[in-house]
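One-letter residues, chain by chain:
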Amino acid sequence: MPPSKPKSKSKSPNSTPTSVNNFAILPLTLPAQPTVHLPDTLAPPKHYLYIKPHEPSAPTPTADRSLFISNVPFDATADSLRELFFEQLGDALVEHVEFDSAVPGTPAVKRWRNGVAGSGSGAKSSGTGTGPATSKLGKKRKRDEGIVAEGVVEDDESRLPGIWPGELRKSGSTAVVVFVDRASCKGAWKAVRERVKSGAEVRWEGGGGVEGLVGLERYKQHNALKYPSKPILQASINAYLSQFTRAESARNRVRKYQRSIPDEDGFVTVTRGGRTGPARLEDAEKKKVELEERRKSKGVKDDFYRFQTREKKKEAEGELRRKFELDKKRVEEMRMRRGKVRPET
Amino acid sequence: MAPPATKRRKIQHRNASSGNDDGLASASNGGSLQENGVANSDTSMVDLEVGTHPSDVEYSSGEERPRPTVDRKKEEKHTNLDRQKKTRLQPGLAERPQDGVYNAEVYKSNMFKLQMDDLLQQVRVKYGKKEAPAEDAMRVLKDIIEQLPNREPQTISDAEKSLETEGIAIPFPQPRPPKDAKYKLQYLRPTSINATGSYPLKVASRNEEDLSIDLVVTMSEALFQEKDYLNHRYFYKRSYYLACLAAGIHNSEQHKFEVSFDCLGGNDLHPVILVGPSRDGGTYDFSISRSVIRIMLAIPESTFSKAKLHPHRNCIRNKVGDEVEGNIGPPTPFYNASVQADASVTAYLKSLHAASVKSEAFKDACILGRVWLRQRGLGTRIQKGGFGNFEWAAVVALLLQPNPKTGGSVLSAGYSSYQLFKGTLQFLARHDLCKNPYILDTQDAEPPKGDTTPMLFDGARNLNLLYKMAPWSYAHLQQEAKLSVEMLRDTVTDNFESTFIAKTHLLTHRYDATLEIPLSVFGPDTIYEDSHRAMFDRCRKLYTNLTRALTNRIVGMNILLPDEGACPVSSQKPFEIRRKSIVVTFAIDAANASRTVDHGPSAENKKEAASFRKFWGERAELRRFKDGSILETVVWSLKESSTPILEQIVRYTLKQHFGSDLADGARFASDTFAHLISPSRNGEQSGISGFSARMNGFAALEKDIRGLESLPLQIRHISAADPLLRYTAVHADSTQEVASIIVQFEGSARWPDDLCAIQRTKIAFLLKLADLLTSEKPGHTTRLGLENSSEPSQNQAYLDIHQPSGFTFRLRIHHDREATLLDRQLKDKTLDGPSRESAASALALYKRTYIQAPAHSQAIQTLCTRYPALSPSIRLTKRWFAAHLLSPHFSSELIELLVARTFLQPDPWSTPACATTGFLRTLLWISRWDWRHVPLIVDFSANKPSSDKGVHGAPLSSSLNAEAVEVIQTRFEAWRRIDPAMNRVVLFAATNLDNDGTTWTDSSTPERVVAARMTALAKAATVALRAQDETFIARALTPAKAPDEDGTDTGIIVPQTLFVSQLHEYDVVISIASKMLKSKKEAKYKNLEMQQGSSKSSHMQNVDYAPVVLFAEDLKNIYGDAVLWFWDPEALDTIAGLWNPISTTQRPWKVKAGWNSVPVIGKKSKDDDQSDAAVDIRINKAGISNEIARLGGSLISKVEVRR
């Protein structure tokens, strides 16, 4: 592996740019790690946040009191960012944080087709809490809204227990920090720019105080969480299955509705269920084979007329020729690749 | 004597005037001008060209249509001489009408034919500018020889003295001539001097060695008496003659050629002169031709009586008085053939020439044969087997002749070169010429009694073509021929590479075991007369004894003899050879090699029993067996010593029949890598016995689960899907690991028709199963584990079942409706992108876990029982991948496929019989595998004995045919077209069960960088092994000086060195804290701890728990493809990282780089200086190392960033 070349420019901190594309570049000082051994060519560790006011392409109600952060530290949590803004960046109060990635990933919920019944934006932005188990989104939604393409929108009862003590972020991912009000947001943004300008130190503590987010503890806890007790599981399954039955009947209702109501062009959407259920796959396959067979025994044989045999012969010849050309090309390519054909020594 | 003088002048004149270009041509023209008058006179008849004399050429086959002399001359001029035309003639082959297609019969396949053409083009000697100096040198040599004066008859001692003053030692063969010999030695001008051998026949080939061009000097018949064929007299006279020639050339004033003696074909009865270039840059320095001229001697055919030289005659009489009728010694076939060989040089030249005229493809077939032989280490020299280029050509020519007995000929003149080649191989493979001699064209020759030399007797030329072959080298030749015929018969793969390109005689790859016996102990004890033949006799004895002792434990044995090579003309042969060794190589039969009991004859059979007892000495015992028979028996055991049984037998046999000195001095090596994998409980590395406990556990579990009475659904299948259950896990009987199994229930309409709900229903089933199992079958502990938490439509849970025996199994439920539902989602255009992507990955996972893994397990399981060496080879290869920290990137199944390929397509060898050969051949293949352009295709049903089809009842799908291979190839090419940068699929591995080819390698497992590293590592290993082979051979066999005296450096690689990973190539190295390692060590003795009664549940807590692996997985998830992580899942002491050069080079800033970045001032854009300096980003190495330390916490002791 060629080492990526260090830039010839001087390594002084002054050479670090302070802004890019309206983003303020905020260096964070990291907690010292005695186990790390760096080569002399590398500067002491810093983490760089790229921050700017949030400007989503589709406006959202919270956009004007949010900051957008790129290159989030891997151990960032809502709490740790809250702490960062409150204590070091202008006493701003953070309402919640939306991360764009998680390790392990957050389950994606499949939406209703064409968004017919789905207001659910999926659980992508759900990671506001410190752990998946405390996600609030499920609670907020009324059950009838939550008709999704499959399964049910899980709540605390029906959700399978989490198996990781906390979520980590992918390296170089982004987050949207939503403040309690516009003033806090402005204050935070101002503080960020000031810090960048003055070069004053901002520390990153990381971890956010989540027990078992990192270190051996994380894996110990994972090994325990992976195997939930059977009664808890049983209860969760029971809850899920009863919710599922309810959801399924709701879905059927929607389908029935779709089946009976023509849309504005006067077409009726074809959906599953109806007078006769869908054909079983095996039966269909069987039928197909049967039909094929029948056609074989009945149809005109391929070699009935003389022109057919002649054509067949011609075809075979052409095929052979084509294959020969192909082989020739392959050998040519091989020659290009490997050079001359020579016995190995 | 006038005419020759004129002629010589003429030639010289021509040479001077017309330069090099057509010198040879003119010489032959000159020769043919005057040929009529002086055919057999003692004047030097000049003829450098082969068979250009119409009167000389007696076409042995009557079919050759006599043609007018002029015509023939013209033709020969056309084909042989005119160098200018040559350039136009050569490509003629390529210009052959290519009406599309080559018939499969004629050239196997298009690919084969096209590659063969390329090969011939490469290998063929061009007869161009490069070779011209050598031809000039030949002409000069001829002149020199012609001008040598006759020498008067001298006694032997006088002759020796006089030549000594000229600086030449006569290369007398052993035994040296008696001092009191009455006959005299004499030199007379040669009858003729001809170019002979492959060069003028245009069947020569270029390789890395020097081209050898033969010049045959025919001695005058007048030199010999009728009885000179007896008692080496002919050979003494011949040696003297040769020495005179050498003296002439050596002392020639104008031309300083390098002159040395060698033995033709390694036969010391046939000394020859090697003339090398002077290397002084002068006119006759032909070093540019990279060739060496050999001057051989021949006698006219009529010199000695043919009948006296038949193989069954004796020509070496013990004493003078013994010549009484009826008291003649044993037959001396080798000696007789050696005499006869000299008499039939010209005859063979004619015969080969006739064959090349008769059959257009003969020359090419000869060149193909040469390449084939060379890649198999076979050669004309006795030490190389005694079957070389000449023998090949002669056999082809012989087979082209009609066989008077059967009428037709074996090969037809109309055959293509490929057909001739294949036909000859088939002939060699089919006939056992040791047992059934093949005698052509003669009635009176009969095979000598009690001789094991193969016999292919060419009656017309009165010679056994195979006289130099020993039984072992013949067996070797036959085996190679058989293998190659098999390869050529294969209709699916073309096998061109393995037939012609691959070098097959690599000691470490070709053979399973080697035995090296230094000549100092192998002896003949003193340098007594005839030491050569004495050594051969001892080798024969060794061969017969070892074959008898090893019976069917081995399938092949070859003996490699040390070779002396050329020696200077001025001194007697040095006894360098005494420091060499003979090497015996074994190809073992894996099924029989470690058998412990050998049955001998029944005790009642007195004669045989006595012979058996005599052979085995004290080892032979009389035993009574269950069936009531009482047999002589030899019993071996592994208990007394750890030496493998094979070695015990070999050593015992050596001791018994050659004395303990030899037995102690011999070095035996077999399966040298096997000790690197943990042996099974009974101490045996090979085979599958180590897994039997786990397999029994699985069988018991299956029975238990099927026995559960109140299960809501009937069970359809319980299948294994784990390395532990297909004999391929590195640690055979570890209780720490979990073996996956799959359960499929009978179909039911009560399953929900919804992916997520199906997963929950499965959990409900698992809970029920766990309840039933713990209540109905006491002793089992169960726990239910969750997985894939971020993908709700993938499998969500599994059940770990801990058996009383200590093994743990992981059970998942297979429900086939999932596939349909996922497929429907995948094709549902109305669904959003991410959902469809997740459906695709869920479908892939489904197929892998529930369809491919069980099928793969089944197939590998079957193969492991069929090939005892497969399981240890796979484990060894896995160890190798792990040792080089590559395992996280290669799925276990992929590695298994790589090794299985070695066993299923073993060409150019036979199926490996021990772990070492299986592993090394796999490495060799990996090192050659051009995965960018070639898919890996494994046909599980290939190479299968027809008897065991579908043993396990499962539908082992049919073997691959050409169409299926074509389909796979097309699919592979499609992948390369849509993903040329290989971001998703790097390696492509398809089987007859799985045509997709990406099951085990999709989503870049491994990545391209990693695959390249695999290739590089395999290459390095192969190179090291090659070097080892070469030093070994140099030390033991070849004339070159041993690199190191007294064996300090034996050139043997310690197998472990191939398993040491070099960490300095990685950018980041994370050392794991020692206390984490310690816990790993404790785990080793977990079974002991368990026996001491520690609670089972706490034990189960630790099964399959490796925090370091979880940590590494987290790293992988966090850094994506920005950093590549490597670790050894067994040692787990380091995790190494590599900044991915593709994704992390400095680049313009962007919002989502996908990795932790540090901003730097980039280059200003040239156009406008006003704008802000562009900001680039680089990977934040310091920051990332800090993050690693934060994540690892107490797990790690050190994070070191190198670059």
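Conventions used here
- Residues numbered from 1 in each chain as written.
- Chains lettered and ligands numbered in written order.
- Predicted model: local features only at pLDDT ≥ 70, side-chain atom pairs only at ≥ 80, totals over all residues.
- Heavy atoms only, no water.
- UniProt positions renumbered as here; feature names shortened; annotations may be inferred.
- Helix = DSSP H or I, 4+ residues; strand = E, 2+ residues; numbered from the N terminus.
- Buried < 20%, exposed > 50% of the residue type's maximum accessible area, 1.4 Å probe, protein only.
- Areas by Shrake-Rupley, 256 points an atom, 1.4 Å probe, with all protein chains shown as cover.
- Patch = residues over 30% accessible without salt bridge, like charges linked within 9 Å, V, L, I, M, F, W, Y side chains within 5 Å.
- Salt bridge = Lys/Arg side-chain N within 4 Å of Asp/Glu carboxyl O.
- Disulfide = S-S within 2.5 Å.
- Lys, Arg positive; Asp, Glu negative; His and termini not counted.
- Charge placed at Lys NZ, Arg CZ, Asp CG, Glu CD.
- Pairing = 2+ DSSP bridges.
- Expected span 1.5 Å × (residues − 1).
- Core = buried A, V, L, I, M, F, W, Y, C linked by side-chain atoms within 4.5 Å.
- Contact = heavy atoms within 4.5 Å.
- Axes fitted to C-alpha atoms, helices over the stretch in contact; angles between N-to-C directions.
- Parallel < 35°, antiparallel > 145°, perpendicular 65-115°, else oblique.
- Left-handed = near helix turned anticlockwise from the far one by under 90°.
- Nonpolar A, V, L, I, M, F, W, Y, C, P; charged D, E, K, R; others polar.
- Polar contact = N/O pair within 3.5 Å; in protein donor to acceptor, adjacent residues only side chain to side chain.

Under an unreviewed UniProt entry, chain B has the name U3 small nucleolar RNA-associated protein 22 and belongs to Lophiostoma macrostomum CBS 122681. Check the Sequence similarities (unreviewed entry) section of the UniProt entry for chain B; it says "Belongs to the NRAP family." UniProt annotates chain B under Subcellular location (unreviewed entry) with the comment "Nucleus, Nucleolus".

An unreviewed UniProt entry annotates chain A as Ribosomal RNA-processing protein 7 of Lophiostoma macrostomum CBS 122681. Under the heading Sequence similarities (unreviewed entry), UniProt records this for chain A: "Belongs to the RRP7 family."

Looking now at the overall build of chain A. Within chain A, the secondary structure is distributed over seven helices and seven strands. Secondary structure of chain A in N-to-C order comes out as β-β-β-β-β-α-β-α-β-α-α-α-α-α. Counting across all 345 residues of chain A, residues that qualify as buried make up 38%. Summing over all exposed atoms, chain A offers an accessible surface of approximately 20900 Å²; the carbon and sulfur share of this is 54%.

Before going further, it helps to spend a moment on a nonpolar patch on the surface. Residue and element names in this part refer to chain A. Judged by side-chain polarity, F86, L93 and V180 come together as a nonpolar surface patch covering roughly 250 Å² of accessible area. With respect to the element layout, L93 can be found in the loop between α1 (78-88) and β6 (94-99). Overall, L93 belongs to the partly exposed group, its relative accessible area being 43%.

Attention shifts here to the state of the cysteines. Residues and elements named next belong to chain B. Tallied over the full model, the rule gives zero disulfides over all chains. Its sulfur unpaired, C539 is 16 Å from the next cysteine sulfur, which belongs to C434. Cysteine C864 is unpaired, with the sulfur of C914 as its nearest cysteine sulfur at 15 Å.

What follows covers a positive patch on the surface. Where like charges cluster on the molecular surface, the positive patch consists of A:K340, A:R342, B:K126, B:K130 and B:R290. Inspection of the secondary structure assignment puts A:K340 in the segment after α7 (306-338).

Moving on, we get to the sheet that holds strand β30 (residues 1147-1148) of chain B. All names here are of chain B. The three strands lie next to each other as β30-β32-β31, forming an open sheet whose pairing is antiparallel. Either end of the sheet is taken by a strand with one partner, and the two such strands are β30 and β31 (1157-1161). Two elements, β30 and strand β32 (residues 1175-1179), share two bridges in a ladder whose sense is antiparallel. Directly across from P1148, in β32, lies its bridge partner D1176.

Between the first and last C-alpha of helix α36 (residues 1107-1119) of chain B there are 18 Å, a value that for 13 residues agrees with the 18 Å anticipated at 1.5 Å per step. A positive phi of about 55 degrees marks B:G1120, the residue just after α36(B).

Right, let's get into the nonpolar core. All names here are of chain B. Counting 162 residues, the largest nonpolar core has L811, I1070, F1111, I1135 and I1188 as the members making the most contacts within it. Apart from residues no more than four positions distant in its own chain, L811 is found in contact with I705, I741, V743, L766, L769, Y798, L799 and I801. Counting 65 residues, the second-largest nonpolar core is a separate cluster that includes A159, F224, L309 and C315.

Quick look at the packing of helix α26 (residues 817-827) of chain B against helix α27 (residues 833-866) of chain B now. Residue and element names in this part refer to chain B. Running from amino to carboxyl end, α26 crosses α27 at an angle of 150 degrees, the nearest separation of the two axes being 8 Å. Taken together, the axes of α26 and α27 are roughly antiparallel relative to one another. You can see that α26 and α27 cross each other, and the crossing is left-handed. Across from E818, A819, L822, D823, Q825 and L826 in α26, the residues of α27 making contact are R836, A839, A840, A842, L843 and Y846. Grouping the amino acids of the contact of α26 with α27 by side-chain chemistry returns eight nonpolar, one polar and three charged.

With that settled, consider the environment of B:S927. Residues and elements named next belong to chain B. Turning to its location among the elements, S927 is positioned in helix α30 (residues 915-928). Exposure remark for S927: the relative accessible area of 8% places this residue in the buried category. In this structure, the C-alpha to C-alpha distance between S927 and P1107, residues 180 residues apart in sequence, is 34 Å. If we skip the residues at most four places from it in the chain, S927 touches T1015, A1018, K1019 and T1022. Within polar-contact distance, the side chain of S927 engages the backbone oxygen of L924 at 2.6 Å.

Once that is clear, we can look at the sheet that holds strand β10 (residues 456-458) of chain B. Taken together, the three strands give an open sheet; going across it, the order is β9-β10-β11 (chain B), and neighbouring strands pair in mixed fashion. Two strands lie at the open edges of the sheet, namely β9 (438-440) and β11 (463-464) of chain B, each paired on one side alone.

Here we come to the UniProt feature "domain: Rrp7 RRM-like N-terminal" (unreviewed entry) in chain A. Residues annotated by UniProt as "domain: Rrp7 RRM-like N-terminal" (unreviewed entry) correspond here to residues 20-97 of chain A. Helix makes up 14% of residues 20-97 of chain A and strand 37%. Its end C-alpha atoms lie 23 Å apart.

Another aspect to go through is the pattern of salt bridges. If you walk through the whole model with that rule in mind, you get 51 salt bridges over all chains. A salt bridge links A:R330 to B:E973, with the nearest nitrogen and oxygen atoms 3.6 Å apart. Taken together, the residues span two chains, with A:R330 in helix α7 and B:E973 in helix α31 (residues 962-978). Residue B:E973 is classed as partly exposed on the basis of its relative accessible area of 29%.

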